[in-house]
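Each chain, letter by letter, is given below.
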Amino acid sequence: MDERTEQSGYQVQGSDILKKKIFDYVFHLCNLATTKETEIADYTYETGFVRGVKLAKSLMWKYTKPEIKETIKNIYSQLEYNISRIPEKLDEAQKKLEKQMLSDDASMQVLEILLVVMLYSSMSVEMKEIEVKDWQSVIGKARDDNPVRIFGNEINEKED
Amino acid sequence: MHDQFYELDFDRIYPTPTSETLAWAYFNRLYRKLHVENFSLLITFYGRHRAGKSLGAVDFGYILDPTFLPNLESRVVYTSKALMQAFKDIRVKKIKGGAVIIDEAGSGDLSSQRWYEEVSKIVSAELQAVGYLNPFIGFVTQSFSFINTTARKLSQGVFEVYRTNTSYSNIKPFWIENNPWISGSYRKYPIFCENHNGVASNIYKINNIKIPLPPDEVKDRYIAHSQAYKDKLLVDSEEEIALLEFDKNSKKVYASGIDAIVEEVVSNYTDYTSVSQKKGVNVFLNPDLIRHSHSDLSIKDSKLVKALAEKRLVKDNKVLFKQDVDL
């Protein structure tokens, strides 16, 4: 019998490679976030880290739930608002520093959220043990023509 | 200002299922396969002796089929006759998703080598007959090597049962998938995930089912039922040993019978001689003539009688072999 489990890596799909790349990229950003930031060019206040988070957000968009998408949108619109409120009287160098500070802070918030999204997204597979604790509750829940909702208030899509 | 995003929000959006809620979902999935999606379910439970295979299979029947417990004695079967009866009962009563556990597969009335071959025929035939009622059939066997290719394809799930303590058994719930492009099958764990507004969430693979001893009413009835079979198995074994003993004695009688025939052939050897003209003229004992007089002998035994008799004759100098005779 040709026994192979899905963990054996016998067949690798294109989407699996993409997921791995996204993982790698987000961890690269984590690394950037904890080391000295580099400016990309003179004409922009954005650092490599800030731009990287924006790109990672787009890569992860497909796996991000609507509530979290909304929060991320709010963070970026708040950033724009805060940037627009930087006093005009400051000189260019100070303005740039102020913008960098605000965008770095917002990007950190987004990255933190992206990490949670990534770990709970369909990209990550978790091995779970199930346990029958109470016979009556198992029988009561199992013998139902409608799907049991394991995640609380959501409908499950189950495969086997 | 945007709303601050707290850990609490993550827990609301990504609630982590407990092992118990996943058990509900898992058994509900099996139940819906039988009762909503109109599939039948064939699962093989295997593992070492006393690992809890049978009780595990009975647990599955108990959870999935409401009619299993009232009919436990007729649904846990050990012989092909009982198996047919269980299917007949399901058909007559039109029980949807009826569970039948084929316990001690390989030690029943069909020998272990032929067991799956025979049972797969019966099960295939019965599935045609009761297929529309979507039965759940659980095979319980000690060794996975009993399972031949046909039966492997028959089983949708192969559950490996093991135990590390006396409170519960562990089951590895493998589904068997066949690959039509390359001739082979592979195993995989059941997968659960959440889908929320088209966004899939964390994938959970079920790699172990912790299943405790069934409630006393189920356990006691099962033990009494299986003990009756095991007692019968003991009586059958005694009978079989007695039969083997009888066969052995018969062989002894038979051997002494051959000696008597040899004695008779030696005494009247002229009645059994033939002449061959190949490579000169030879006189020899003809096994066909021996069989003609002793019709019970097989060809093999007649040759044995010939060999023994010739040996005796040579020893007694009663006949000369490979000697020219005057015809």
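Scoring rules and cut-offs
- Residues numbered from 1 in each chain as written.
- Chains lettered and ligands numbered in written order.
- Predicted model: local features only at pLDDT ≥ 70, side-chain atom pairs only at ≥ 80, totals over all residues.
- Core = buried A, V, L, I, M, F, W, Y, C linked by C-beta atoms within 7 Å.
- Buried ≥ 20, exposed ≤ 12 C-beta atoms within 10 Å, placed from the backbone.
- Helix = DSSP H or I, 4+ residues; strand = E, 2+ residues; numbered from the N terminus.
- Contact = placed C-beta atoms within 7 Å.
- Domains from an automatic or database assignment.
- Nonpolar A, V, L, I, M, F, W, Y, C, P; charged D, E, K, R; others polar.
- Axes fitted to C-alpha atoms, helices over the stretch in contact; angles between N-to-C directions.
- Left-handed = near helix turned anticlockwise from the far one by under 90°.
- Expected span 1.5 Å × (residues − 1).
- Parallel < 35°, antiparallel > 145°, perpendicular 65-115°, else oblique.
- Pairing = 2+ DSSP bridges.
- pLDDT = per-residue confidence, 0-100.

A look at the nonpolar core
Next up, step 1: In this structure, Phe-27 and Leu-64 of chain B are the most contacted members of the largest nonpolar core, which totals 62 residues.
Next up, step 2: Among the elements that make up this core, the one with the highest residue count is helix α2 (residues 19-35) of chain B (nine residues).
Next up, step 3: Ignoring anything within four residues of it in the chain, the contact list for Phe-27 of chain B reads Val-138 and Ala-142 of chain A together with Ile-63 and Leu-64 of chain B.
Next up, step 4: By size, the runner-up hydrophobic cluster in this structure holds 24 residues, among which are Phe-49, Tyr-63, Ile-72 and Leu-114 of chain A.

A few points about the domain arrangement of chain B
Residue and element names in this part refer to chain B.
Next up, step 1: In terms of domains, chain B is made up of domain 1 (7-214) and domain 2 (217-327).
Next up, step 2: Listed by partner, the interface residues are 13 residues for domain 1 and eight residues for domain 2.
Next up, step 3: Listed by contribution, the elements that provide at least two residues to the side of domain 1 that touches domain 2 are α3 (53-64) and α4 (72-75).
Next up, step 4: Each residue belonging to the side of domain 1 that touches domain 2 can be placed in one class, and the counts come to nine nonpolar, two polar and two charged.

Here we look at the packing of helix α1 (residues 14-33) of chain A against helix α4 (residues 92-120) of chain A
Helices that pack against each other are described as a pair by the angle of their axes relative to one another and the distance between those axes.
All names here are of chain A.
Next up, step 1: Viewed as axis vectors pointing N to C, α1 and α4 meet at an angle of 145°, and their least axial separation amounts to 11 Å. As α1 packs across α4, the resulting crossing turns out to be left-handed. Only Met-108, Leu-111, Leu-114, Leu-115 and Met-118 of α4 make contact with α1, whose side of the interface consists of Phe-23, Val-26, Leu-29 and Ala-33.
Next up, step 2: Residues belonging to the contact of α1 with α4 are distributed by class as follows: nine nonpolar, no polar and no charged.

Side note on the environment of Cys-30 of chain A
Residues and elements named next belong to chain A.
Next up, step 1: The topology assignment puts Cys-30 in helix α1.
Next up, step 2: The exposure class assigned to Cys-30 is partly exposed, which follows from the 15 C-beta atoms found within 10 Å.
Next up, step 3: With 23 residues separating them along the chain, Cys-30 and Val-53 place their C-alpha atoms 9.5 Å apart.

Some remarks on α3 of chain B
Next up, step 1: Across its 12 residues, α3 of chain B extends 17 Å between first and last C-alpha, which sits within 8% of the 16 Å expected from 1.5 Å per residue.
Next up, step 2: Buried within α3 of chain B are the following residues: Lys-53, Ser-54, Leu-55, Gly-56, Ala-57, Val-58, Asp-59, Phe-60, Gly-61, Tyr-62, Ile-63 and Leu-64 of chain B.

Observations regarding the packing of helix α3 (residues 66-84) of chain A against α4 of chain A
All names here are of chain A.
Next up, step 1: Close contact between α3 and α4 brings their axes to 9 Å; oriented N to C, the two are set at 175°. In terms of orientation, α3 lies roughly antiparallel with respect to α4. For the pair α3 and α4, the contacting residues are Ile-68, Thr-71, Ile-72, Ile-75, Tyr-76, Leu-79, Asn-82 and Ile-83 in the first and Lys-99, Leu-102, Ser-103, Ala-106, Gln-109, Val-110, Ile-113 and Val-117 in the second.

A closer look at the pairing of strand β5 (residues 157-162) of chain B
All names here are of chain B.
Next up, step 1: Bridge count for strand β1 (residues 41-46) against β5 is four bridges, and the pairing is parallel. Note on β5: the bridge partner recorded for Thr-44 is Val-158.
Next up, step 2: Connecting β5 to the antiparallel partner strand β6 (residues 168-179) that follows it, the hairpin turn spans five residues.

As for the confidence of the model for chain A
Reading fine detail from the predicted coordinates is not recommended where pLDDT is low.
Next up, step 1: Averaged over every residue, the pLDDT of chain A is 83; residues scoring 70 or more account for 85%.
Next up, step 2: Between the elements of chain A, mean pLDDT differs from a low of 48, seen in strand β2 (residues 156-159) of chain A, to a high of 93, seen in α3 of chain A.

Description of the pairing of β1 of chain B
On a regular strand, one side chain projects to one face of the sheet and the next to the other, so that they alternate.
Residues and elements named next belong to chain B.
Next up, step 1: Burial of β1 is extensive: six of the six residues sit out of reach of the surface.
Next up, step 2: With six bridges joining them, β1 and strand β4 (residues 136-141) adopt parallel strand pairing. Along β4, the bridge assignment pairs Leu-42 with Ile-137.

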